[in-house]
Amino acid sequence: MEEFFNELFDYNFFCNKQLIEACSDLKEVPKESMRLFSHILNAHQIWNARINGLESEFGAWDEHPLKSWEEIHYENQRNTFEIITNTDDYETRIDYQNIEGRLFTNTIQDMLFHIINHSTHHRAQILADFRANGLEPVSLDYVFYKR
């Protein structure tokens, strides 16, 4: 399982880095893309914090300036790799509260996979926003990463 999650998070890191670089090359990043990428960063941090039994530094929809994306992204990734390295049982259940304060329980495996799936979902929205704003979307397909 550790190898599986390491590969998924390498791919996640690659995709987010590609988007950060693409946005850095733009004169102006579309507002919705800024909002969605900040949300990707926030959600990753929130889920890492939940797994570690900590409070999140960010709210789900806090917005971050482009210049801070790379640092936040790197910290999220570093924290996730620590979680993966230090997890003996991915079926361990974690209790947490969602942003509305409701109590839930999920396994570490489910939480880690959710980070990946959630990020992929919102990256697709960002790429659609790029196209809607006349920008060429970055190719982030898994097969291109593996090549």
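To start, this report covers the structure provided alongside it. (Residues numbered from 1 in each chain as written. Predicted model: local features only at pLDDT ≥ 70, side-chain atom pairs only at ≥ 80, totals over all residues. Heavy atoms only, no water.)

Attention shifts here to the environment of G101. Within the element layout of this structure, G101 appears in the loop between β1 (93–97) and β2 (103–107). Assessed through its relative accessible area of 35%, G101 is described here as partly exposed. For the pair formed by G101 and N42, sequence separation is 59 residues and the distance between their alpha carbons is 17 Å. (Helix = DSSP H or I, 4+ residues; strand = E, 2+ residues; numbered from the N terminus. Buried < 20%, exposed > 50% of the residue type's maximum accessible area, 1.4 Å probe, protein only.)

Taken as a whole and assessed by the stated rule, the structure comprises six salt bridges. Of the charged contacts, one joins R35 and E32 as a salt bridge, the two residues approaching to 2.9 Å between their closest N and O atoms. Separated by three residues within a single helix, R35 and E32 lie in helix α2 (residues 31–51), roughly one turn from each other. Residue classification places R35 among the partly exposed residues on the basis of a relative accessible area of 29%. Put simply, K17, E21 and E70 are held in one network by salt bridges that share partners. (Salt bridge = Lys/Arg side-chain N within 4 Å of Asp/Glu carboxyl O.)

Taken together, D88, D89, E91 and D110 make up a surface patch of like negative charges. Position of D88 among the secondary structure elements: in the loop between α3 (66–86) and β1. (Patch = residues over 30% accessible without salt bridge, like charges linked within 9 Å, V, L, I, M, F, W, Y side chains within 5 Å. Areas by Shrake-Rupley, 256 points an atom, 1.4 Å probe, with all protein chains shown as cover. Lys, Arg positive; Asp, Glu negative; His and termini not counted. Charge placed at Lys NZ, Arg CZ, Asp CG, Glu CD.)

Here the focus is the nonpolar core. Grouped together as the largest cluster of nonpolar side chains are 20 residues, with contacts concentrated most on L19, F37, W69, I126, F130, V138 and L140. Looking at this core, the elements that each hand over two or more residues are α1 (2–24), α2, α3 and α4 (108–132). Per element, the largest residue contribution to this core is six residues, and it comes from α1. The contacts of L19, once residues within four sequence positions are left out, are F37, R123, I126, L127, F130, V138 and L140. Formed by 16 residues, the second largest nonpolar core is a distinct cluster that contains F5, L8, I83 and I115. (Core = buried A, V, L, I, M, F, W, Y, C linked by side-chain atoms within 4.5 Å. Contact = heavy atoms within 4.5 Å.)

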